Amino acid sequence: MATDIDTLKRDNAQYLWHPMAHPQAMRNARPDIIAKGQGCWVWDIDGHKLLDGVAGLWSSNLGHSCKPVRDAIVAQLDELPFFNTFRGTTHPRAIELSTQLVALMRPDGVAAVMFGNGGSDSVEAALKLSRQFHKLRGDKDRSKFIALRQGYHGVHFGGMSVNGNTNFRRNYEPLLPGCFHIDSPWLYRNAYTQDEAELGRIVAQQLDREITFQGADTVAAFIAEPIQGAGGLIVPPANFWPLVRAVCDKHGVLLIADEVVTGFGRTGQMFGTRLWGVQADLWCLAKGISSGYVPLGATAIGQKVAAVFDADSSAAGQITHGYTYSAHPVAAAAAIATLKVLVDEDIPGHVARVGPAFQQRLRALVQRHDFVGDVRGHGLMLGIEMVADQASRAPLPKTSDIPARVARAAYERGLMVRVSGPNLILSPPLVITTAELDFLCDALEAAFAQVADEIARVK
Ligand SMILES: Cc1ncc(COP(=O)(O)O)c(C=O)c1O
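Quick notes on the rules
Residues numbered from 1 in each chain as written. Predicted model: local features only at pLDDT ≥ 70, side-chain atom pairs only at ≥ 80, totals over all residues. Heavy atoms only, no water. Axes fitted to C-alpha atoms, helices over the stretch in contact; angles between N-to-C directions. Helix = DSSP H or I, 4+ residues; strand = E, 2+ residues; numbered from the N terminus. Parallel < 35°, antiparallel > 145°, perpendicular 65-115°, else oblique. Left-handed = near helix turned anticlockwise from the far one by under 90°. Contact = heavy atoms within 4.5 Å. Nonpolar A, V, L, I, M, F, W, Y, C, P; charged D, E, K, R; others polar. Polar contact = N/O pair within 3.5 Å; in protein donor to acceptor, adjacent residues only side chain to side chain. Domains from an automatic or database assignment. Buried area = accessible area lost by both parts, 1.4 Å probe. Salt bridge = Lys/Arg side-chain N within 4 Å of Asp/Glu carboxyl O. Phe/Tyr/Trp six-rings, centres within 6.5 Å; stacked < 30°, edge-to-face > 60°. Lys NZ or Arg CZ within 6 Å of the ring centre and 35° of its normal.

Turning next to the packing of helix H6 (residues 119-136) against helix H11 (residues 303-311). Helix-helix packing: each pair is described by the crossing angle between the helix axes and the interaxial distance. As a packed pair, H6 and H11 sit with axes 10 Å apart at the nearest point and diverge in direction by 55 degrees. In terms of orientation, H6 and H11 fall into the oblique class. The handedness of the crossing between H6 and H11 comes out as left-handed. For the pair formed by H6 and H11, the contact residues are Leu129, Gln132, Phe133 and Leu136 on the first element and Lys304, Val305, Val308 and Phe309 on the second. Residue composition of the contact of H6 with H11, grouped by class: six nonpolar, one polar and one charged.

Structure, rendered in structure tokens:
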């Protein structure tokens, strides 16, 4: 028999430590226990129906009841629930998924893939493979990594060390040595310019100077998200990635694109790097790869990197990395079905069609409320930054409860959004209809208006 609601709420506070939360806070705060999902909607345990404005967590891109993905999972459970892919062992779904993913990424110059269980795994593999690539080429000192401030690359020691937000690092220091950060190409908050192209040039030059300062022969890779997600939805200037590619090439540094959020259609392109017309050397993939149905991460390996491994016949070229559940058959089956729906139904095309109106409508919040500083994003990823003062762009104090209040007001109107620092982050399922997007915008506008009223009343 299912556990009753009060017991679930009590046990959640007692026994479950939530990611990114203080265990004590979970005892005091009301948990949102999500109990059911259908299409772009979820229901909490109290029966409250919500539009899923976060796609689980940038993941449930095909919604919560995609029959082909569900059927593929069930069929796989009947056929082979698990076997490993270590060394000489493999299984049909692992082979089929690798073949299909490489075919999908052929225009990006991808030659092979390896699998893990999520985004953090995919980053770890990319960092490790980039060091091994240089060692194989005889560049034994190339071990350092450079990344962007505000970047987010997961929580393993490597990814955490390249994260550009100290929040995720302080409690677990000391970290991996040899990780350095340059400024984010963030138009709304930077010390240099309000001209996009100039900003792109300035930050790319910073990368150039940092590599030179470190000694190019000590730098393995530069890692960045094509659009920075968790760090506050920072869309770089259009010239940034092409310039970064050129800087990396000039210094023999590998370029790792962390596409955990931007991959598989979220930006209106199948991959975020395609927005910028750039090929990376390694790609980190997760979330939308299996539409969140089963945990899966992948690291895609570009031809340049693969060629060096292919040419090696020594023990140094062996991949001494991988997990029990790398290419788990059920996850692989879910991903194969996901890729088919993404391609057959041209989901990136749908995002490209509905994204601009969605972005434009919510950008108007800046005109309406002086505590909204900036609304930015691309496709179906959007961030709303709240500020203490719109004119001076003074940041919201860390203690401000305004973002949480807006999120709660939205929740009460049937919309789930995510708070990240001073930002509300929206990343609905990619299959969302225009009617559902209208509902999302109506609910969010009403939530902002409610909090604006409350603020005005206490002034
Ligand atoms: C860009 C990026 N990289 C890596 C990760 C880590 O993924 P996971 O939480 O699946 O380990 C995330 C998670 O949100 C992410 O946004």
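One can find Asp4 in the segment before helix H1 (5-15). Along the primary structure Asp4 and Phe82 are separated by 78 residues, whereas in three dimensions their C-alpha atoms are 32 Å apart. There is a polar contact of 3.2 Å between the side chain of Asp4 and the backbone nitrogen of Asp6. Within polar-contact distance, the side chain of Asp4 engages the side chain of Thr7 at 2.8 Å.

Looking now at the side chain of Glu445. For Glu445, the location among the structural elements is in helix H16 (residues 434-458). There is a polar contact of 2.9 Å between the side chain of Glu445 and the side chain of Arg361. Those residues in contact with Glu445, other than ones at most four positions away along the chain, are Arg361, Leu365 and Arg368.

Time to look at the domain arrangement of the protein chain. If you check the domain split of the protein chain, you get domain 1 (32-65 + 346-458) and domain 2 (68-344). The gap between the C-alpha centroids of domain 1 and domain 2 is 27 Å. If you look at the interface, domain 1 gives 37 residues, while domain 2 gives 32 residues. Broken down residue by residue, the surface that domain 1 buries against domain 2 is led by Trp58, Met381 and Arg393, which jointly contribute 25%. At the surface where domain 1 touches domain 2, the tally comes to one salt bridge. Its salt-bridge partner being Arg189, residue Glu385 comes within 2.8 Å of it at the nearest N-O pair. Summed over the shared surface of domain 1 and domain 2, the number is 20 residue pairs in polar contact (both at pLDDT 80 or more). Classifying every residue of the side of domain 1 that touches domain 2 gives 18 nonpolar, 14 polar and five charged.

Evaluated as defined, the whole model comprises five aromatic pairs. Looking at Arg408, its charged tip hangs above the ring of Tyr411, at a distance of 4.5 Å from the centre.

This brings us to unusual backbone geometry. For residues besides glycine, phi is generally negative; the peptide bonds are generally trans as well. Note the cis peptide between Glu173 and Pro174, where omega equals 5 degrees. Tracing the backbone through its elements, the reader meets Pro174 in the loop between helix H7 (157-162) and strand S6 (179-182). Positive phi outside glycine occurs at Met20, with the angle close to 60 degrees. With respect to the helices and strands, the residue Met20 is situated in the loop between H1 and helix H2 (23-28).

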